[in-house]
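Descriptive analysis of the structure
Residue strings, one per chain:
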Amino acid sequence: MWWLVGGVGGVVAALAVYDLVQKRHSILRNFPVIGHLRFLLEAVGPELRQYIVTDNDEERPFSRDQRRWVYASAKRENNVFGFGTDNDLETTSNYLIVKHAAFPERGPDTGDLARPPHWRVPAAKVIGEFRDRPGKFRPDSIVNISGMSFGSLSGAAVSALNRGAQLAGCLHATGEGGVTAHHAHGGDLVWQIGTGYFGCRTATGQFDLDQFRATLDRYPTIRAIEIKLSQGAKPGLGGLLPGAKVTREIAAIRGVPAGVDCHSPATHSAFTSIDSMLDFAELLASTSGRPVGIKSAVGDLGFWQRLGDRLGEDPGRAIDFIVVAGGEGGTGAAPLAFADHVALPFKIGFSRVYREFAARRLTDRIVFVGSGKLGFPQDALLAFALGCDTINVGREAMLAIGCIQAQRCHTGHCPTGVATQSRWLARGLDPTDKAVRCAQYIETLRQEVLQLSWAAGATHPALITPDVIEFVDDRFGARSARDVFGYDLDWGRPSATDCDAVAAMSLPPHTSMP
């Protein structure tokens, strides 16, 4: 009997050692041996759920089917589903349908199936073109990584995302916590500047132009500047990083005391009106040479109307891009009322903003970016149909690098090391391995959005019109996205010049990721 106990103990000990040193699974590195129960339950989950618990589409914010698709895509595993849909297409309100063309576009030859092509899909517009910024550029990817700060996420997670951005050829927004060494692994950056001005602030929290220049010099991969007015996680509310999470490293990066609660005010001190905001944007653009944009959730529509009026009246000042964040939220911790009830959801909010600029014929001057649970092909396609030029993915990118939707982002106890400052938990996340998964997820999303576009008769997602999308109601009826969101016939598409640029693109090049 003792030899049996000793043998079992030896096997368990060997398994524990293996779990601690392997780098593919964060859960096993952080929770050796017992972490295997998670994978066992995941494997037998479909059988169990036939009789108990929830179905594949009930969990929130991301359903089991959605998470499975992201995980499989990130690992280059089989991400297709069999035996037809388990959704109720005919009686589900607002169910999205893509109308395929009778004669779809034929995509280019993808080469050797054993070596998947590097699906690069550039944007249709050039950021900074209207004001001819010295650093204007066409984004190499229609899918980019949304702003998630170091502080909210671990250094390992930020490093994995930036390395993944470099592999996938996409942009990586920094989040409002400043630019850090974790962002400096080759991925092109969009530096997000929030109300705390981290990385460009004085000791009292005001904007500091000299510090702004110094950060730009230190991080040459910064391609654009994003002024954050608000975000979907907590619109209209300032941020707070608890003192327990303000490590010496984070304190040095943000220019705040270590161990003390780090507040981001609800409003900017560098400007207090639309006119002064445009002046601030031009200051950043003239100093940096980079395109400058704004990020905001959508509440008061009057702000967007007045902004459109000012941009139309004064072409000498401009916003190069606008990131519209949906009120669906993200990794930022927020009071329940703010998370559930403040700011419009993406589809409603974005369409209202776009209509204001389209009515003033300003959409060709601005690159529109969508953010808000758009990390799935059909939702991304709708965003492009509504006028987005690129989309950002946040929580979906977190899933790709190991997040299991434990919903402990606000506690610092993320079991996979993604949203934590615990050194033990963060060590479970290997940035090199997870970077590949991040890149493979982004490439798969680009691939499937492009393939949906081909099926609908368009050569590029930017050419998809709102007529291609319909929403089925629960009374056997359906309406086009154009009717639902009140778009005119010429809205939602790029200019003739940009359409010509899209026509000249070869999608995708026949290269493989290393």
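Now for a look at the structure at hand.

Thresholds applied
Residues numbered from 1 in each chain as written. Predicted model: local features only at pLDDT ≥ 70, side-chain atom pairs only at ≥ 80, totals over all residues. Heavy atoms only, no water. Helix = DSSP H or I, 4+ residues; strand = E, 2+ residues; numbered from the N terminus. Buried < 20%, exposed > 50% of the residue type's maximum accessible area, 1.4 Å probe, protein only. Contact = heavy atoms within 4.5 Å. Areas by Shrake-Rupley, 256 points an atom, 1.4 Å probe, with all protein chains shown as cover. Expected span 1.5 Å × (residues − 1). Polar contact = N/O pair within 3.5 Å; in protein donor to acceptor, adjacent residues only side chain to side chain. Axes fitted to C-alpha atoms, helices over the stretch in contact; angles between N-to-C directions. Parallel < 35°, antiparallel > 145°, perpendicular 65-115°, else oblique. Left-handed = near helix turned anticlockwise from the far one by under 90°. Nonpolar A, V, L, I, M, F, W, Y, C, P; charged D, E, K, R; others polar.

Next up on the list: the overall build of the protein. Helix and strand content of the protein: 17 helices and 13 strands. Burial status across the protein gives 52% buried among its 514 residues. Sequence separation of 24 or more characterises 70% of the internal contacts of the protein that already satisfy a separation of 6 or more. For the protein, the exposed surface amounts to about 22,400 Å²; the carbon and sulfur share of it is 56%.

As a further point, take the environment of Phe476. Inspection of the secondary structure puts Phe476 in the loop between strand S12 (469-472) and strand S13 (478-480). Judged by its relative accessible area of 64%, Phe476 is exposed. Considering only alpha carbons, one finds Phe476 and Glu90, 386 residues apart in sequence, at a separation of 6.0 Å.

For the rest of this paragraph, the subject is helix H9 (residues 301-313). Under the 1.5 Å per step criterion, the end-to-end length of H9 is 19 Å for 13 residues, consistent within 8% with the ideal 18 Å. If you check which residues of H9 are buried, you get Gly302, Phe303, Trp304, Leu307, Gly308 and Leu311. On its buried face, H9 is in contact with helix H8 (274-288), strand S8 (292-297), strand S9 (321-325) and helix H11 (346-359). Capping the start of H9, Asp300 holds a side-chain oxygen 2.9 Å from the backbone nitrogen of Gly302, two or three residues further along.

The N-to-C vectors of H8 and H9 enclose an angle of 60 degrees; their axes lie 10 Å apart at closest approach. Between H8 and H9, the angle falls in the class oblique. At the point where H8 passes H9, the crossing takes the right-handed sense. Of the residues in H9, those touching H8 at Ile274, Asp275, Met277 and Leu278 are Phe303, Arg306, Leu307, Arg310 and Leu311.

Turning our eyes to something else, we now look at helix H12 (residues 377-385). Structurally, the α-helix is built with 3.6 residues per turn, so residues lying three or four positions apart point the same way. Burial of H12 is extensive: eight of the nine residues sit out of reach of the surface. When we look at burial in H12, the residues that qualify are Pro377, Asp379, Ala380, Leu381, Leu382, Ala383, Phe384 and Ala385. The positive-phi residue at the C-terminal boundary of H12 is Gly387, with phi of around 120 degrees.

Another aspect to go through is the packing of helix H4 (residues 64-74) against helix H15 (residues 431-455). When two helices pack together, you describe them by how their axes are tilted relative to each other and by the distance separating the axes. At a minimum axis distance of 7 Å, the contact between H4 and H15 shows a crossing angle of 110 degrees. As summarised for this structure, H4 and H15 are arranged roughly perpendicular, according to the angle between their axes. As H4 packs across H15, the resulting crossing turns out to be right-handed. Within the contact between the two elements, H4 uses Trp69, Val70, Ser73 and Ala74 and H15 uses Val436, Arg437, Gln440, Tyr441, Thr444, Leu445 and Glu448. Taken together, the residues of the contact of H4 with H15 break down into six nonpolar, three polar and two charged.

From the geometry alone we can't say anything about function, so treat these as descriptive.
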